[in-house]
Amino acid sequence: MINYTIYANESSNQWVTFVHGAGGSSSIWFKQIREFQKHFNVLLLDLRGHGNSKQTNFKNPFQKKYTFKSIAQDVLDVIDHLKIQSSHFVGISLGTIVIRQLAEMQPDRVKSMIMGGAILKMNFRSQILMRLGNIFKYVLPYLVLYRFFAFVIMPNKNHKQSRLLFINEAKKLYQKEFIKWFKLTAEINPVLRWFRQVEVNIPTLYIMGEEDYMFLPSVKKVVEAHYKTAKLYVIEKCGHVVNVEQPTVFNAQVLDFLNSFK
C-alpha cells in the first residue's frame with residue numbers, strides 16, 4: 001500500500017484527499033494542510049515510487065508497467081483501508097488525471113474534483129517534450145530531463161519556487177522509477193481524449209494559472225463543453241503549480257467551492 005498521512009478533524013465527517021503530480025510528493029501540499037484541516041479530515045498520499053511510498057509496499061512489487069488504472073487503484077486501496085466511503089479530491093498536474101481515472105472507475109466515491117494545473121490535452125510543445133524524453137530517457141540521467149521539463153512548463157521568474165520544489169522532490173526518485181512513470185505518456189493521449197469527450201456527473205472545479213500556457217487553453221474548451229458540472233477559476237500572475245505559487249487564493253477558492261456542499 002502506498003504511504004499516506006491523516007490530519008483528523010473530530011468535528012467533521014467529510015474528507016478531502018490530496019493527490020500530487022509526477023515527481024512530487026505529499027509535501028507539496030504544506031501550504032494547504034492547516035487551512036483545510038480547520039474544515040475537513042485531510043488525507044495526503046504519496047503515489048507509488050514518490051515520497052515515502054517505496055516499491056516494496058505494493059501488492060505486486062514486480063509490476064513492470066504502470067497504468068493510470070493501477071495508480072488510481074493504489075488510491076482506492078488506501079480509502080478502502082481507511083473505510084472512507086467518499087471524499088472530495090484535490091489534485092495537481094498529473095494527479096488530476098489520476099483523480100479523473102478514479103472517478104471513471106468508482107464515481108460514487110468521488111464527491112467533487114478540484115483540478116489544479118489540470119492536464120486535459122498535450123499541445124504541440126508538450127508532444128515534442130514527450131518525444132524528446134522518449135529518445136533520451138535511457139541515455140541521460142533522469143534529473144537532467146526533469147530539470148529541462150520543469151523549466152519548459154514553469155519558465156517564469158515567479159515560477160521558481162514551484163520549479164525548485166518539484167526538482168528537489170524528483171531527486172528522491174530512482175532512474176528506473178522515473179522511466180516507469182514516463183512510459184505512462186504512451187497511453188496519455190487516448191485517456192485524455194476520452195476525458196475531454198465524456199462529462200462525468202461530478203462537480204468539478206478547475207483552478208489554473210493564467211501563465212499555464214501549455215494546459216490552460218484546453219481546460220477552457222473543456223469547461224465550455226462540460227458546463228453542467230465544471231467551473232473554471234484562473235489565478236492571475238500564476239503558472240502551473242497553483243497551490244504553491246498562489247496558496248492564499250488557491251485555498252480560498254477551493255474551500256469556498258467545497259463548503260458549498262455542506
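The preceding data block contains the structure.
Here the structure is a predicted model, which means the values were calculated and not measured.

Draft legend 1. View of empty space enclosed by the protein. Tallying each qualifying case throughout the model produces 4 cavities of 30 Å³ or more. Estimates place the volume of the second largest cavity at around 80 Å³. Secondary structure elements with two or more residues in the lining of the second largest cavity: β5 (110-116) and β6 (204-209). Its residues assigned to classes, the lining of the second largest cavity comprises 8 nonpolar, 3 polar and 2 charged.

Draft legend 2. The nonpolar core, seen in detail. One finds Phe-89, Ile-97, Met-113 and Tyr-206 to be the most contacted residues of the largest nonpolar core, which totals 47 residues. Secondary-structure elements contributing two or more residues to this core are β2 (15-19), β3 (41-45), α2 (68-81), α3 (94-105), β5, α8 (185-197), β6 and α9 (216-225). Top contributing element to this core by residue count: α2, with 7 residues. The residues contacting Met-113, other than those within four sequence positions of it, are Phe-89, Ile-99, Arg-100, Ala-103, Val-200, Ile-202, Pro-203, Thr-204, Leu-205 and Phe-257. Residues Ile-33, Ile-92, Leu-205 and Phe-257 belong to the second largest nonpolar core, which totals 29 residues.

Draft legend 3. Summary view of the pattern of salt bridges. One pass over the structure, following the stated rule, counts 4 salt bridges. Here Arg-109 ties to Asp-80 by a salt bridge, and the two come within 2.9 Å at their closest N and O atoms. Taken as a pair, Arg-109 in the loop between α3 and β5 and Asp-80 in helix α2 lie far apart in primary sequence, 29 residues in all. Salt-bridge contacts for Arg-100 lead to Glu-104; the nearest nitrogen and oxygen are separated by 2.6 Å. Here Glu-104 and Arg-100 lie together in helix α3, a separation of 4 residues that amounts to about one turn. Residue Glu-104 is classed as partly exposed on the basis of its relative accessible area of 30%.

Draft legend 4. View of the environment of Phe-178. In this structure, Phe-178 sits in helix α7 (residues 175-182). The buried category is assigned to Phe-178, whose relative accessible area is 6%. Taking C-alpha positions, Phe-178 is 9.1 Å from Leu-143, a pair spaced 35 residues apart along the chain.

Draft legend 5. Just the sheet that holds β2, in detail. Here 7 strands make up an open sheet; going across it, the order is β1-β3-β2-β4-β5-β6-β7 and the pairing mixed. The open sheet is flanked by β1 (4-7) and β7 (230-235), the only strands paired with a single partner. Sheet twist, expressed as the mean angle between neighbouring strand axes with direction ignored, is 20 degrees. In the sheet, strand β4 (residues 87-92) pairs with β5 via 6 bridges, with the strands oriented parallel. Residue pairing for β5: His-88 is matched across the bridge by Ser-112.

Reading the values: rules and limits
Residues numbered from 1 in each chain as written. Predicted model: local features only at pLDDT ≥ 70, side-chain atom pairs only at ≥ 80, totals over all residues. Heavy atoms only, no water. 1 Å grid on protein atoms, 1.4 Å probe; cavity = no way out; pocket = protein on both sides within 12 Å on 5 of 7 lines; lining within 4 Å. Points joined across faces, edges and corners; volume = space filled by probe spheres on them. Helix = DSSP H or I, 4+ residues; strand = E, 2+ residues; numbered from the N terminus. Nonpolar A, V, L, I, M, F, W, Y, C, P; charged D, E, K, R; others polar. Core = buried A, V, L, I, M, F, W, Y, C linked by side-chain atoms within 4.5 Å. Buried < 20%, exposed > 50% of the residue type's maximum accessible area, 1.4 Å probe, protein only. Contact = heavy atoms within 4.5 Å. Salt bridge = Lys/Arg side-chain N within 4 Å of Asp/Glu carboxyl O. Pairing = 2+ DSSP bridges. Axes fitted to C-alpha atoms, helices over the stretch in contact; angles between N-to-C directions.

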